Amino acid sequence: MAEFSTPTTEQQFAENFAQLKPVMNRTEALYESSRCLFCFDAPCIKACPSGIDIPQFIRQINSGNDTGAARTIYEANYFGNACGKVCPTEVLCEGACVYNLQEVKPIEIGRLQSFATTKVIKSGEKLFGPGADNGKKVAVIGAGPAGISAACELRSLGYGVDIYEAKAQPSGLTVYGVAPYKITNEETLAEMAYLQAQFGYNVHFNSAISSREELEKLEDKYDAIFLGIGLGKTNELGLPGEDKINCTGAVEFIAELRQHHHEVAVGRKVIVLGGGNTAMDAASESSRLGAENVILAYRRAKEEMGAYEFEYDLAKGVGVKGLFNVAPVEITGNGYVTGVKFIRTETKDGKVSEIAGSEFVEPCDMVIKATGQAKQTEFLGLIPGLKLDGKGRIIANAHTGQTSNPKYFASGDAWNGGAEVVNAAAEAKLTARGIHAYLSK
Amino acid sequence: MPDLSINFAGIKSPNPFWLASAPPTNSGYQVMKAFDAGWGGAVWKTLGVPVVNVSSRYGGVNYRDKRLVGFNNIELISDRPLSHNLREIEEVKKRFPNHAVIASLMVQSRQEWHDIVRASQDAGVDGFELNFGCPHGMCERGMGSAVGQEPKVLQMIVEWVMEVAQKPVIVKLTPNISDITEPALAARRGGADAISLINTIQSIVGVDLDKFAPYPIVDGKGTNGGYCGPAVKPIALNMVKNCAQHPDIKLPISGIGGIENWRDAVEHILLGASSVQVCTAAMHFGFGIIREMTSGLEQYMMEKGFNTIYDMVGKALPNVLHWEDLNMKYKVTANINEDKCIGCQLCYTACEDGAHQAIKLNAGTRVPEIIEENCVGCNLCSLVCPVEQCITMEQTDSGTEHLTWKERTEAGTAPTEFEDEKAGGRHHWVPEPSAALGKERHKTLPGKARIINGETTVPAEA
Ligand SMILES: Cc1cc2nc3c(=O)[nH]c(=O)nc-3n(C[C@H](O)[C@H](O)[C@H](O)COP(=O)(O)OP(=O)(O)OC[C@H]3O[C@@H](n4cnc5c(N)ncnc54)[C@H](O)[C@@H]3O)c2cc1C
Ligand SMILES: Cc1cc2nc3c(=O)[nH]c(=O)nc-3n(C[C@H](O)[C@H](O)[C@H](O)COP(=O)(O)O)c2cc1C
Ligand code: SF4
Ligand code: SF4
Ligand code: SF4
């Protein structure tokens, strides 16, 4: 039996993908903010990659200064609303809240954060604006959390900013990748519109930068270039049968889901390959789309999965079954996927080895590969002097974001190799300061 | 089972819990309902010449998510015709002969006092309470607290009442006075049988930030009101104690002010009250709270082995001394239980900024450490700590020495000059003023702000 019936309307979709962190009302925000202890040198602040002054904004909410709370949040993090909803708070701020040590429920920091930001987004109240024009211009490639955050900060410092984005909507994976039960498209885009209205950067959508000529034009026209390009497509597994119909990459599947909701078809029995957070998301999402069976297949043992525990719990909670110590060897089928041939594995001294003769076929009608995103090495190769590390990540100064080509700066997934929205937002803000320092010399 | 019944200055009641004269005792309907629920007595909403009230009468003080920690009103005495009230009193007394019904009264002339006392007596009341406490509306007309603040006038009116009263007379005192014992003594001189306190405290509970007017707002304007509710209990307790300890007052005391549960009631009783009255809590939660109050009181009495209320009346009084009689040799020092500490560091910042810089932080842990030689034993850290029994105040003196300020003064060992060597803080360590500058900037600035402000060179984990 499927946990969810297949949604056929927008309303059913919204029910199946109900928000995990719904926006609080004023009463709930008052009650929750009342519990905050206002710790000295608060551990929650330290655990937030963007260093939001959490006790300060919670106190502001408690005293009825919601606008001030939103200002406190946005001063540290331009994706304040998105982060409140999509951050893995269990391992960040809320995980560090001192209440955990008392075995009391930690403060719901994420939801309080979104409470304050949602209010100003809805009212459109202006909190920030561009700085006085300093005559310099910066090009930003990619309108994801990194690119947009850099743009906001650069505008506040007086730079002219043009963003070039391959896709049709801003916010990168926030609108194309994050699970729909964490944030809705409307919420995501409303924050983007709110930021753009305040800072006034230009975004050129459907404008992928992909050739040396295009890059040269940017290099001529702008004083600096910010790379916020994130990661690329799902890695190929190199298995026979990978090209069969209904064998898809998780990132691609989720992007479709975010854009087309219930119109996306899912198999009756889905096998998700991988053990990271994206695998958990894809599995949960398949289940919520009405798949009868969802199997999460991972090469190693359960304990070794890269995913956060709460993400696995979330998947289990919607009926996803785990299949551990199995490695896929072939996608079987005839045109369409009919199953995955696995071989069992064992881990000895930290090394995974296959157990000879243990192959078996697990039937299914859809395979989702959540086996990591490729780096955009080909594109990055077009930038003269730009160095990447062994894993394909851009090498850049941790404080200034400056790459080995001094005109180029980078932040976000393309630099850190794939983290969270909050990391991209925090890094890009610092990098914008780095660009400012470089151009002010 | 302990016996909860009382005989308060001749007024008998099945338990010490009475409803105070206020909206909950406005009608026979409410008083019957309250008795039905378990209340022992009711002081009827003050009778007199019926008034006219304004609309928008109450204001509240909320603390964070808690509503009505303080409450204020600008209402006057009963607005119902006297005959209606008296008829209902009679009906209640018939139905509940063993419960206490006390008529609260407030009128002006001697004749009026005589008339209303007689009329109430005829209706069958068990006693009277003279309202000399209302701090708004009535005092401007020379009644209520205007009387309570003038001991001579108070005494005269009590004497008028005693001329005709055949039932016990309680005088209700206003706290809007610097020494509560003065009107209490006047009541005794006038011949009253008991006192009750406190009435409400003159107050403005808040100001509307948009309308620029005090709460409660009546057509854009407001006025001072009377403050009550949980927030006033400490003031009431102190005044109850002052009256109970005074050697010449020697009257039964009905304790009023901030009583919401059995604990509050017991505190009033331990400081000398032998009946207690409740208003705000009944207005907030209804008459049902009486069940928790009586069961809590019974439980406490059983645990302590008290058989009657009188076993505990005033039991804390011998331990309330004047400051000059406290033992200055007694010394407590704060002690942090590391296993319980959750690392909020509220104790640190409280002692650092609000006390004696006697707590320090150490690298590698969020559990603060007490600097014992600096700790003066003020209790502050233990009061702010959010974890039960995490910071305990441990006695560190030998427990054998005893010396009071009075004794020091008599012996000439108390400081008397500005530069006196004998000053308590003379050799207490205090950091240099300039050591404060920038000390905690890296901790009070939020994460990214530290870096953006160029404060990246912070001590690794200090
Ligand atoms: C499935 C999935 C679920 C996730 N869930 C969460 C979550 O719940 N919470 C969380 O905090 N994080 C989550 N993340 C991670 C998070 O989305 C990323 O860390 C974050 O979006 C990185 O931001 P970025 O700006 O570096 O890159 P991206 O968000 O990837 O943005 C890059 C942008 O650049 C554009 N671009 C790329 N190349 C070019 C080019 N050559 N020219 C023009 N434009 C270009 C892309 O179209 C894209 O819009 C998830 C990621 C995935 C894949
Ligand atoms: C521990 C303590 C000591 C105080 N000492 C003084 C004092 O020396 N002089 C003074 O005028 N008021 C003193 N006060 C009273 C306060 O200045 C203030 O009037 C009172 O606490 C009410 O304000 P609050 O509600 O903000 O505490 C003291 C208060 C406290 C708590
Ligand atoms: S750690 Fe928890 S209680 Fe302390 S300031 Fe942060 S949110 Fe508030
Ligand atoms: S008792 Fe007072 S002086 Fe001692 S550590 Fe606590 S706050 Fe500081
Ligand atoms: S206030 Fe209590 S819990 Fe907080 S740091 Fe101090 S001792 Fe620990």
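Residues numbered from 1 in each chain as written. Chains lettered and ligands numbered in written order. Predicted model: local features only at pLDDT ≥ 70, side-chain atom pairs only at ≥ 80, totals over all residues. Heavy atoms only, no water.

This next bit is on the overall build of chain A. Counting secondary structure elements, chain A contains 18 helices and 14 strands. The dimensions of chain A, computed from C-alpha atoms along their principal axes, are 70 × 55 × 45 Å. With 441 residues in all, chain A has 57% of them scored as buried. At a minimum sequence separation of 6, the contacts of chain A that also span at least 24 residues come to 71%. Charge separation in chain A, taken as the distance between the mean sites of 44 positive and 53 negative side-chain charges, equals 3 Å. (Helix = DSSP H or I, 4+ residues; strand = E, 2+ residues; numbered from the N terminus. Buried < 20%, exposed > 50% of the residue type's maximum accessible area, 1.4 Å probe, protein only. Contact = heavy atoms within 4.5 Å. Lys, Arg positive; Asp, Glu negative; His and termini not counted. Charge placed at Lys NZ, Arg CZ, Asp CG, Glu CD.)

Let us look at the overall build of chain B. A tally of helices and strands in chain B yields 15 helices and 20 strands. Dimensions of chain B, computed from C-alpha atoms along their principal axes, come out at roughly 80 × 55 × 50 Å. Of all 462 residues assigned to chain B, the portion counted as buried reaches 50%. For chain B, restricting intrachain contacts to residue pairs at least 6 apart in sequence, the fraction spanning at least 24 positions comes to 69%. When the accessible surface of chain B is totalled, it reaches about 22300 Å², and 51% of it is carbon and sulfur. For chain B, the separation between the mean place of its 43 positive charges and that of its 54 negative charges on side chains is 4 Å. (Areas by Shrake-Rupley, 256 points an atom, 1.4 Å probe, with all protein chains shown as cover.)

The next subject is the site of ligand 4. The environment of ligand 4 is formed by 14 residues, the closest being Cys-351, Cys-375, Cys-378, Asn-379 and Cys-381 of chain B. Grouping the amino acids of the shell around ligand 4 by side-chain chemistry returns 11 nonpolar, three polar and no charged. (Near = heavy atom within 4 Å. Nonpolar A, V, L, I, M, F, W, Y, C, P; charged D, E, K, R; others polar.)

Residue and element names in this part refer to chain A. You can read the domains of chain A as domain 1 (20-123), domain 2 (137-232 + 375-439) and domain 3 (247-369). Between the C-alpha centres of domain 1 and domain 2 the distance comes to 26 Å. Every contact between the two is made by 21 residues of domain 1 and, on the other side, 27 residues of domain 2. Both faces considered, domain 1 and domain 2 share a buried interface measuring about 2000 Å² in area, 70% of it formed by carbon and sulfur atoms. Remark: the boundary between domain 1 and domain 2 carries one salt bridge. With six residues, the top contributor of residues to the side of domain 1 that touches domain 2 is helix α6 (residues 80-86). (Domains from an automatic or database assignment. Buried area = accessible area lost by both parts, 1.4 Å probe. Salt bridge = Lys/Arg side-chain N within 4 Å of Asp/Glu carboxyl O.)

Further remarks concern the domain arrangement of chain B. Partitioning chain B into structural domains gives domain 1 (6-319) and domain 2 (323-442). The gap between the C-alpha centroids of domain 1 of chain B and domain 2 of chain B is 41 Å.

Listed by partner, the interface residues are 27 residues for chain A and 23 residues for chain B. Interface area for chain A against chain B, summed over the two sides, is near 2200 Å², with a carbon-plus-sulfur share of 61%. At the junction of chain A with chain B, the criterion picks out one salt bridge. Residues Arg-366 of chain B and Asp-41 of chain A are paired through a salt bridge, measuring 3.9 Å at the closest nitrogen-oxygen approach. At the junction of chain A with chain B, the criterion picks out six residue pairs in polar contact (both at pLDDT 80 or more). (Polar contact = N/O pair within 3.5 Å; in protein donor to acceptor, adjacent residues only side chain to side chain.)

So, on to the pattern of salt bridges. A full pass over the atoms with the stated rule returns 35 salt bridges over all chains. Residues joined by salt bridges that share partners form a network here, namely Glu-28, Lys-105, Glu-108 and Arg-111 of chain A.

Further remarks concern the site of ligand 3. Near ligand 3, the surroundings consist of Cys-36, Leu-37, Cys-39, Ala-42, Cys-44, Pro-55, Cys-97, Val-98, Ile-107 and Ile-109 of chain A. Per-class residue counts for the shell around ligand 3 are 10 nonpolar, no polar and no charged.

Residues and elements named next belong to chain A. On the basis of which strands lie adjacent, the open sheet formed by five strands has the order β3-β2-β1-β4-β14 and parallel pairing. Edge strands, defined here as strands with exactly one partner in the open sheet, are β3 (202-204) and β14 (408-410). Recorded for the sheet is a direction-independent mean angle of 20° between the axes of neighbouring strands. Each of β1 (137-141), β2 (160-164) and β4 (224-227) touches helix α9 (residues 145-156); the most contacted strand, β2, lies at about 170° to it. (Pairing = 2+ DSSP bridges. Axes fitted to C-alpha atoms, helices over the stretch in contact; angles between N-to-C directions.)

Take helix α2 (residues 26-35) of chain A next. All buried positions along α2 of chain A are accounted for by Ala-29, Glu-32, Ser-33 and Ser-34 of chain A. Looking at the packing, one finds that the buried side of α2 of chain A touches α4 (54-62) and α8 (109-123) of chain A.

Attention now moves to the state of the cysteines. Residues and elements named next belong to chain B. By the definition in use, this model includes zero disulfides over all chains. Free of any disulfide, Cys-279 has its nearest cysteine sulfur in Cys-228, 5.6 Å distant. By relative accessible area, which is 19% here, Cys-279 ends up buried. (Disulfide = S-S within 2.5 Å.)

Residue and element names in this part refer to chain B. Strand order in the open sheet formed by four strands is β5-β6-β14-β11, with antiparallel pairing between adjacent strands. Edge strands, defined here as strands with exactly one partner in the open sheet, are β5 (58-63) and β11 (201-203). Ignoring which end each strand starts from, the neighbouring axes of this sheet average 45° apart. As paired strands, β11 and strand β14 (residues 225-228) are joined by three bridges and run antiparallel to one another. Paired with Ile-201 across the two strands is Tyr-227, which belongs to β14.

Attention now goes to the pairing of strand β15 (residues 253-256) of chain B. All names here are of chain B. Side chains of β15 alternate between two faces, with Ile-253 and Gly-255 and Ser-254 and Ile-256 buried alike. Alignment of strand β10 (residues 194-197) against β15, held across three bridges, turns out to be parallel. If you follow Ser-196 over to β15, its bridge partner there is Ser-254. Sheet topology places β15 next to strand β16 (residues 273-278); four bridges connect them, and they run parallel. Its bridge partner being in β16, Gly-255 is matched across the sheet by Val-276. Handedness of the crossover is the feature at issue here: the chain leaves β15, passes through helix α8 (residues 262-270), returns alongside β16, and the resulting connection is right-handed. (Right-handed = clockwise from strand over helix to strand, strands pointing away.)

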